[in-house]
Each structure stands twice: as C-alpha cells, then as structure tokens.
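# Results of the structural survey
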Amino acid sequence: MLIFLFVSLIFDFSMMQSHQNFNTLEDKKIIIAIDGHSSTGKSTVAKDLAKALHYIYVDTGAMYRAVTLYAMRHGFIDESHFNQQKLEQELPGIKIKFEMNPNTSLAEVLLNGENVENEIRTLAVSKHVSKIAAVSAVRKKLVEQQHQMGKDKGIVMDGRDIGTIVFPYAELKLFMTATAKDRAERRFLELNERGENVTYEDVLKNVVNRDHIDSTRKDSPLKKAEDAIKIDNSNLTLQQQFEQILQLAQTAIKNA
Ligand code: DC
C-alpha cells in the first residue's frame, strides 16, 4: 500500500513537472526586433505578429514622430531652420506615452497627454523626423523608455536601431527592406487614402532622403545587425510575409 502511494506520488509529481515544462514553452516570452528602411511595412507586420503571439507591440518611429510634432508646433524646426538647443532644453517636459484604443485594440501615441496618432503620420512630420531622430539627447531619452517597455520581454518592437542598440540580445532580429520605388508607391497610396494631397515624386524624395539621413547619422545609424534576418518584401504579399515571419518567430520562441 505504502509503495503504491509512493509510486503514485512520484507519477503525479512527474506529470506536474512535464505539464509545467509545456506551459513554460508555450508562455516563453522573447524580444522580437524589427528594423529596416522607411515605409517597408514594418509596423503592419509587427502589429500582426504581436497580435498572433499575444505580445506587446511598440512602434518606436511613433515616439520620434511625436517629438518632431512637438518641435514643429513650438517653432523649433521648419523648412529653413532647426533650433536643436531649444529642443534639448525642453526635452524633460516632453512626455511620450502609449494608450490602448479600445475600438482597434492598438496602442496610440500620446504627446503630453494628447492623442496625436493621426497628426504624426503626415508627410509634414515625415519631412522633419529624421533630423530630430539624429539628435543624441532625443535618442537617449527614448531608448531609455524603450528599455523599460521591453524589460519583461513578450514584445515586438520596430524601428531603426532595435536589433543593434536597444535590444542587441533580442532572440529574433529582422531587417526589412524593399526598393525605394516600391516603398514610395505604398506610402503614396496610404497617404492618399488618408486624404493627404501629396504627389508621388514628393513621397519618393522623402523616402530616399530619410534613408540617407537615417543610415548616415553618427548616433545609432540604421544598419542591419549581423545576426538579423534580411527580408526583402518587394515581391511578397502581406500574407506571404506574415506567414514567413510568424514561422521565424515560432522557431525563435521554441529555441529560446
Ligand atoms: O518608422 P517611421 O518611419 O515611423 O520612423 C520615423 C523616423 O524616426 C525614421 O525616419 C527614423 C526615425 N527612427 C529612428 O531613428 N529610430 C527608431 N528606432 C525609429 C525611428
């Protein structure tokens, strides 16, 4: 009788152990860093991936865009000048946060408490954002905040320096690219759908110009991390791209 009790206790315990192992595998949280050129659809795939994995999604470009909007509204930057010193002085008072939109279940960006999700996506903001993102003091502030957001893992973060600077130890790093022409076409359609009156030539110029500033700046330039997987999506449908990336993520979670 005693032997039977002992054996059954061991059996229960080992079942518990294996069940726990299964849970830890399923619940294992990793960091997924998605970098790449502008308008490569990083945020679309990052959002879909985060939803499928029940992870948090952070669009770091939105944070740089919100700081840019602040600088524009306060007259620190326009077509002809940029008062970097003034922006740096005011940085401590610029608060960037995300809030969940209950209708879309997506995080939207707040600038000092105001929802600026739509305003930060205009071509006017795109035209100045690379200059603002090249300022080390701005990067330092936002990168600190991004570290905090990723401290519990279970996060998909997209940007330009996520795999190289923000989370160099991310378990999965992707680097997305496509031809400038393909990217400008996609962005042009998107802006038109939103009712912005822009020309294709203007959008193409912005895409090329941002690539140049983002990849040649001194602080954290856009470049592929050595261990990042490059994905050229010029000839991929959104669905094909998503399936490819989901598979990479599932493998990375299993191997973590
Ligand atoms: O991803 P996006 O196009 O919304 O980003 C806007 C700009 O912000 C982009 O031109 C470069 C900058 N950026 C950056 O320097 N580092 C990041 N992690 C994210 C964006």
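The following refers to the structure shown.

Criteria and thresholds
Residues numbered from 1 in each chain as written. Predicted model: local features only at pLDDT ≥ 70, side-chain atom pairs only at ≥ 80, totals over all residues. Heavy atoms only, no water. Helix = DSSP H or I, 4+ residues; strand = E, 2+ residues; numbered from the N terminus. Buried < 20%, exposed > 50% of the residue type's maximum accessible area, 1.4 Å probe, protein only. Contact = heavy atoms within 4.5 Å. Areas by Shrake-Rupley, 256 points an atom, 1.4 Å probe, with all protein chains shown as cover. Salt bridge = Lys/Arg side-chain N within 4 Å of Asp/Glu carboxyl O. Axes fitted to C-alpha atoms, helices over the stretch in contact; angles between N-to-C directions. Parallel < 35°, antiparallel > 145°, perpendicular 65-115°, else oblique. Nonpolar A, V, L, I, M, F, W, Y, C, P; charged D, E, K, R; others polar. Expected span 1.5 Å × (residues − 1). Arc of directions from axis to C-beta. Pairing = 2+ DSSP bridges.

### Things to note about the overall build of the protein
Helix and strand counts for the protein come out as 10 helices and eight strands. When the 256 residues of the protein are sorted by exposure, 43% land in the buried category. The contacts in the protein between residues at least 6 apart in sequence include a share of 73% that link residues at least 24 apart. For the protein, the exposed surface amounts to about 14100 Å²; the carbon and sulfur share of it is 55%.

### Brief notes about the pattern of salt bridges
Under the criterion given, the structure shown has 17 salt bridges. Of the charged contacts, one joins Lys140 and Glu144 as a salt bridge, the two residues approaching to 3.4 Å between their closest N and O atoms. Taken together, the residues Lys140 and Glu144, both in helix H6 (residues 136-149) and four residues apart, mark about one turn of the helix. You can call Lys140 exposed: its relative accessible area is 56%. Judged by relative accessible area, which is 46%, Glu144 ranks as partly exposed.

### Description of the packing of helix H3 (residues 60-73) against helix H5 (residues 123-133)
The geometry of a pair of packed helices is captured by two quantities: the angle between their axes and the separation between those axes. Where H3 meets H5, the axes come as close as 8 Å, and the angle between the chain directions of the two elements is 105°. Here H5 runs roughly perpendicular to H3, going by the angle between their axes. Contacts between H3 and H5 involve Tyr64, Arg65, Val67, Thr68, Leu69, Ala71 and Met72 from the first element and Ala124, Val125, Ser126, His128, Val129, Ile132 and Ala133 from the second. Grouping the constituent residues of the contact of H3 with H5 by class yields 10 nonpolar, three polar and one charged.

### Points about helix H9 (residues 200-216)
Over its 17 residues, H9 runs 24 Å from end to end, which matches the ideal 24 Å to within 8%, given 1.5 Å per residue. Every buried residue belonging to H9 is among Val203, Asn206, Val207, Arg210, Asp211 and Asp214, and all of these are buried. All buried residues of H9 fall inside an arc of 130° around its axis, so they share one side. Opposite the buried face of H9, at more than 90 degrees from it, the exposed residues are Glu201, Lys205 and Thr216. Packed against the buried residues of H9 are H3, H5 and helix H8 (180-193).

### Focus on the sheet that holds strand E5 (residues 114-115)
Strand order across the open sheet formed by three strands is E3-E4-E5, with antiparallel pairing between neighbours. Each edge of the open sheet is held by one strand with a lone partner, namely strand E3 (96-101) and E5. In terms of strand pairing, strand E4 (residues 106-111) meets E5 through two bridges, oriented antiparallel. By the bridge assignment for E5, Leu111 is matched with Glu114.

### Points about unusual backbone geometry
At Ser39, a residue that is not glycine, the phi angle is positive and equals roughly 60°. Within the secondary structure, Ser39 sits in the loop between strand E1 (31-36) and helix H2 (42-53). Even without being a glycine, His54 presents a positive backbone phi close to 60°. Positionally, His54 belongs in the loop between H2 and strand E2 (56-59). His54 gets classed as exposed once you look at its relative accessible area, which sits at 68%.

### Concerning the pairing of strand E7 (residues 172-177)
Judged by how many residues are buried, E7 sits mostly within the fold: six of six residues are covered. In E7, alternate side chains face the same way, and those of Leu172, Leu174 and Met176 on one face and Lys173, Phe175 and Thr177 on the other are all buried. With five bridges joining them, E1 and E7 adopt parallel strand pairing. Residue pairing for E7: Ala33 is matched across the bridge by Lys173. When E7 meets strand E8 (residues 229-232), the two strands line up parallel, connected through four bridges. Opposite Met176, over in E8, you have Ile231 as the bridge partner.

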